[in-house]
Amino acid sequence: MPESHKSAADPLGWLLKEKVRIWILAITFPIALLLGTVGYLHYPAGEAISFSNALYHSAQLFILHTPHFIEPVPLTLEIGRWLAALSTILALFTTAIYLIRDEKEELEIRFIKGHIILCGMGEIALALANNFSNKKKLVVIEKNIDNENLSNLKKQGVKVFKGNALDPEVLKKVRIEHASNLYALTGDDFSNLTIIKNVKALLKNSGKDHENLRLAANIDSLNLKAAAQQEISFCNKLVCHLSEILEAFRKDAEEVVNGSSPTKVQLEKAKQELLQYVPASSPDAVDPGKQIRFFNINELAARYIFREYPPNRFKSLTNPAARPIHILLLGLSQMGEELFKLCVQNCHFINRDHTQITHISLEADIACQKVQSKHKNIKNLVDLKFIKFNPHHITNSFIAEHDLNNIDIIYICSDQDRYQESYSVKAREVFGKKVPIIRWFTRDVITDSDHNQASNTKTIEILRSIAKHEIIINETIDQKAIAIHNRWLKRAIGEYIQKVEKQIENKQEISSYKPTLAPWHLLDEEIRDDNRSVVEHNLIKLRTVGQLNNPEDFLNPEMAKVDFKFLNDDSAIENLAEMEHRRWMANKYYYGWEFDEERNDGLKRHNDLKDFSALDFSTKDYDYKQIKELQEVWEVK
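Reading the values: rules and limits
- Residues numbered from 1 in each chain as written.
- Predicted model: local features only at pLDDT ≥ 70, side-chain atom pairs only at ≥ 80, totals over all residues.
- Heavy atoms only, no water.
- Phe/Tyr/Trp six-rings, centres within 6.5 Å; stacked < 30°, edge-to-face > 60°.
- Buried < 20%, exposed > 50% of the residue type's maximum accessible area, 1.4 Å probe, protein only.
- Pairing = 2+ DSSP bridges.
- Helix = DSSP H or I, 4+ residues; strand = E, 2+ residues; numbered from the N terminus.
- Axes fitted to C-alpha atoms, helices over the stretch in contact; angles between N-to-C directions.
- Contact = heavy atoms within 4.5 Å.
- 1 Å grid on protein atoms, 1.4 Å probe; cavity = no way out; pocket = protein on both sides within 12 Å on 5 of 7 lines; lining within 4 Å.
- Points joined across faces, edges and corners; volume = space filled by probe spheres on them.
- Core = buried A, V, L, I, M, F, W, Y, C linked by side-chain atoms within 4.5 Å.
- Expected span 1.5 Å × (residues − 1).
- Polar contact = N/O pair within 3.5 Å; in protein donor to acceptor, adjacent residues only side chain to side chain.
- Right-handed = clockwise from strand over helix to strand, strands pointing away.
- Parallel < 35°, antiparallel > 145°, perpendicular 65-115°, else oblique.
- Patch = residues over 30% accessible without salt bridge, like charges linked within 9 Å, V, L, I, M, F, W, Y side chains within 5 Å.
- Areas by Shrake-Rupley, 256 points an atom, 1.4 Å probe, with all protein chains shown as cover.
- Salt bridge = Lys/Arg side-chain N within 4 Å of Asp/Glu carboxyl O.
- pLDDT = per-residue confidence, 0-100.

A. Fine view of the packing of aromatic side chains. As enumerated under the stated definition, the model contains nine aromatic pairs in all. Measuring from ring centre to ring centre gives 4.3 Å for Phe389 and Phe398, while their planes differ by 25°; the resulting arrangement is stacked. On the basis of relative accessibility, which here comes to 26%, the residue Phe389 falls in the partly exposed class. Ring geometry for Phe564 versus Phe566: centroids 5.9 Å apart, planes at 35°, classification tilted.

Printed below as a string of structure tokens:
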């Protein structure tokens, strides 16, 4: 046990270390009992005493009770009674230390402020706790406190409260109203949602302002996560300023067309209010949704992996004549599915060819059925192949049989660390040391000496990398995605005003505004995801024009210096705009949209799901503007 941890956990450890006390007690107690018993068997001299009486009298030595001794006292009894006294004092001393320590921890919790509360102590919570530098500000609520992880954290200053985080009374006792953050990480989605619900109720009933408190809950089910987010959005729709002024403008326009009040002056006033609308630039500007962050650890992990090791990190694509990238996915897991999604959304390059994605696992048929049922039109932009086979048994003949000789990157997608290890060994054996292999571990990294020497095998300790406050609460991608949406929002408001003015001029029926004309917190998750995809794909666009090619630029691209002179090149803008259009189409296809000459958002039909060259100029202009604004979005922090 490190000295620094010992001194933090045991304020009296300088006097006698805990392990030493335990060893002394373990040795002195039986010796004192034995010597006392032997001593009483021979005392007083000449008198016989039974063994049971001798043992009983010996046991009384530990409560410091001895008769008046007649000299001479046998040496064994003399030593035994002093050892018994030492054992008793040491036991009382140890008990007092534990009582003082527990009382001290409870007292600290009773007066703590600005702390971070972790509900549950699973793998995510453990990684998050280990990543916090100031352990003394952490409070863990856990029903089962008898585990080694909690013991180690307590030695580092973490405060542990035994209880059920679902109980509002427990939340009160850890002073939720004075905390800065709460993470619901129990491992059960509905428990995590219940914790958030209870916290909101407690804060509402307290009648105090809690703007600085941030809540986060891991939700494994993406459908449940989207539903929970939508419920928060629904609660806020009644107080959406944008929808109010849009509706007021539309109604005023209808009355002008019908020749009734209000006058055109009132319509102009409504128009100016729309033009002056300033969308929130941060999730923190939403109330009460600003307090809550529902996240999925697999989504965060996949984004982290894709950002650090995207396919075009290993195969640069700046030439329109380059062959398509071929990606191999080995194994199946939720994190792997999220990585597959990112590849589908973002692997659209200047060569205009379909990226090839091959998936090999024993569950490949299930994965194929899921793709065909949910994302049947993806194959319009990506070449997919699913092979039901055990990745452990891949051979050179298997590679030749399935035309896998041109693999550019391999992602190991199992949800078990042991398979991550064994699949990567097999992949390096059959594909050689030139094909990059990306693998990740949720627990301690398992590596063999060959892998340590293999530069083509990239290993990520994923929970240690992503279970961080700055990633879970303040992920940069959302800040940039909001900036992209807000720029579109301002343009779309202007276009809607122009459209309504033309309808007024022609005495036509006033059309309703698009449902996407809404602030970030009211958007469907599909639209948010599309904006996040723009952020990720911007990295690919920048690498297409020769930027962000240094190794350190992949994990932290925001720190890189980017030369945006390419924005003065019309041919570069044309190429990047086409890449952006194909990215947009891939996202629409992923979410089940289909082409139709007449757009119908309710039926997920869109008339722009066609080749970039077939679009009219006004539609292309959206993509051109997206590229021309790339620098401004890039500089958003």
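Having seen the structure, we can now continue with the description.
B. Region of interest: the sheet that holds strand E9 (residues 382-388). Spatial ordering of the open sheet is given by E9-E8-E7-E10-E11-E12, a layout of six strands whose pairing is parallel. Either end of the sheet is taken by a strand with one partner, and the two such strands are E9 and strand E12 (457-461). The sheet shows a mean angle of 20° between the axes of neighbouring strands, direction not considered. Of the pairings in the sheet, the one linking strand E8 (residues 355-361) to E9 comprises seven bridges and is parallel in character. Residue pairing for E9: Ser361 is matched across the bridge by Lys388. Sheet contacts for helix H13 (residues 334-346): strand E7 (326-330), E8, E9, strand E10 (409-412) and strand E11 (437-441); angle to E8, the most-contacted strand, approximately 165°. Contacts from helix H16 (residues 417-431) reach E7, E10, E11 and E12, with the element oriented near 165° to E11.

C. Representation of the sheet that holds strand E1 (residues 116-119). Read from one edge of the open sheet, six strands run E3-E2-E1-E4-E5-E6, paired in parallel fashion. The open sheet has two edge strands, strand E3 (159-162) and strand E6 (292-295), and neither has a second partner. Across the sheet, the axes of successive neighbouring strands diverge by a mean angle of 15°, strand direction being ignored. Alignment of strand E4 (residues 181-184) against strand E5 (residues 214-218), held across four bridges, turns out to be parallel. From the neighbouring strand, Asn181 faces E5, where its bridge partner is Arg214.

D. Representation of empty space enclosed by the protein. The tally for this structure, following the rule as stated, stands at three cavities of 30 Å³ or more. What the largest cavity holds in volume is close to 70 Å³. Lining of the largest cavity is provided by Arg307, Lys480, Val535, Asn538, Leu539, Glu558, Leu630, Val633 and Trp634. Counting residues per element, the ones that place at least two in the lining of the largest cavity are helix H21 (525-544) and helix H25 (630-634). In this structure, the second largest cavity spans a volume of roughly 50 Å³.

E. Inspection of the nonpolar core at higher detail. Formed by 87 residues in total, the largest nonpolar core has its most connected members in Leu118, Tyr183, Ile305, Ile327, Ile357, Tyr411 and Ile462. Per-element accounting of this core gives the leading share, nine residues, to helix H23 (residues 570-590). Not counting residues within four places of it along the chain, the set of residues in contact with Ile462 comprises Ala301, Tyr304, Ile305, Met335, Trp440, Phe441 and Thr442.

F. Representation of unusual backbone geometry in the model. A positive phi is found at Leu548, a non-glycine position, where the angle reads about 55°. Residue classification places Leu548 among the buried positions, given a relative accessible area of 4%. Although it is not a glycine, Lys604 sits at a positive phi angle of roughly 60°. Considering the arrangement of structural elements, one finds Lys604 in the loop between strand E13 (594-595) and strand E14 (605-606).

G. Here's a closer look at helix H8 (residues 189-206). Between its first and last C-alpha atoms H8 spans 26 Å; for 18 residues at 1.5 Å apiece the expected length is 26 Å, and the two agree. The set of residues buried in H8 consists of Asp189, Ser191, Asn192, Leu193, Ile195, Ile196, Asn198, Val199, Leu202 and Leu203. A distance of 3.3 Å separates the backbone nitrogen of Phe190 from a side-chain oxygen at the start of H8, and that oxygen is part of Asp188.

H. Examining the pairing of strand E2 (residues 138-142) more closely. Most of E2 is tucked away, with five of its five residues classed as buried. Alternating residues of E2 divide into Leu138, Val140 and Glu142 and Val139 and Ile141, and every residue in both groups is buried. Of the pairings in the sheet, the one linking E1 to E2 comprises four bridges and is parallel in character. Note that in E2 the partner of Leu118 across the bridge is Val140. In this region the chain leaves E1, passes through helix H5 (residues 123-131) and returns to the parallel neighbour E2; the handedness of that crossover is right-handed. The sheet contact formed by E2 and E3 spans four bridges and is parallel. Bridge pairing links Ile141 to Phe161 in E3. Since E2 and E3 lie parallel, the crossover through helix H6 (residues 148-155) that links them has a hand, and here it is right-handed.

I. Looking closely at the side chain of Glu580. Note on placement: Glu580 falls in helix H23. Within the structure, the side chain of Glu580 is placed 2.9 Å from the side chain of Lys541, a separation counted as a polar contact. Of note is the side chain of Glu580, whose polar atom sits 3.5 Å from the side chain of Gln626. What Glu580 contacts, discounting residues up to four positions off in sequence, is Val534, His537, Lys541, Asp623, Gln626 and Ile627.

J. Spatial organisation of the packing of helix H20 (residues 476-505) against H21. Between H20 and H21, the shortest axis-to-axis distance is 8 Å and the interhelical angle comes to 110°. In terms of orientation, H20 and H21 fall into the roughly perpendicular class. Across from Ile477, Asp478, Lys480, Ala481, Ile484 and His485 in H20, the residues of H21 making contact are Asn531, Arg532, Val534, Val535, Glu536 and Asn538.

K. Broad picture of the environment of Arg543. Residue position: Arg543 is located in helix H21. In this structure, the C-alpha to C-alpha distance between Arg543 and Thr318, residues 225 residues apart in sequence, is 7.7 Å. In contact with Arg543, not counting residues within four places along its chain, are Pro310, Asn312, Thr318, Leu548, Asn549 and Phe554.

L. Examining a nonpolar patch on the surface more closely. A cluster of nonpolar side chains, Trp23, Ile27 and Ile31, forms an exposed patch at the surface whose accessible area comes to about 330 Å². Inspection of the secondary structure puts Ile31 in helix H2 (residues 18-41).

M. The arrangement of the environment of Pro436 in detail. Residue position: Pro436 is located in the loop between H16 and E11. Judged by its relative accessible area of 7%, Pro436 is buried. Separated by 25 residues in sequence, Pro436 and Tyr411 place their C-alpha atoms 8.6 Å apart. Discounting chain neighbours no more than four positions away, the residues touching Pro436 are Phe314, Asp408, Ile409, Ile410 and Asn456.

N. Layout of the confidence of the model for the chain. The pLDDT averaged across the chain works out to 85; a share of 87% of its residues lies at or above 70. Every residue in residues 1-16 scores below 50 in pLDDT, and together they form 20 contacts with partners more than four places removed in sequence or on other chains. In this model, residues 284-289 is a region of pLDDT below 50 whose contacts with residues beyond four sequence positions or in other chains number eight contacts.

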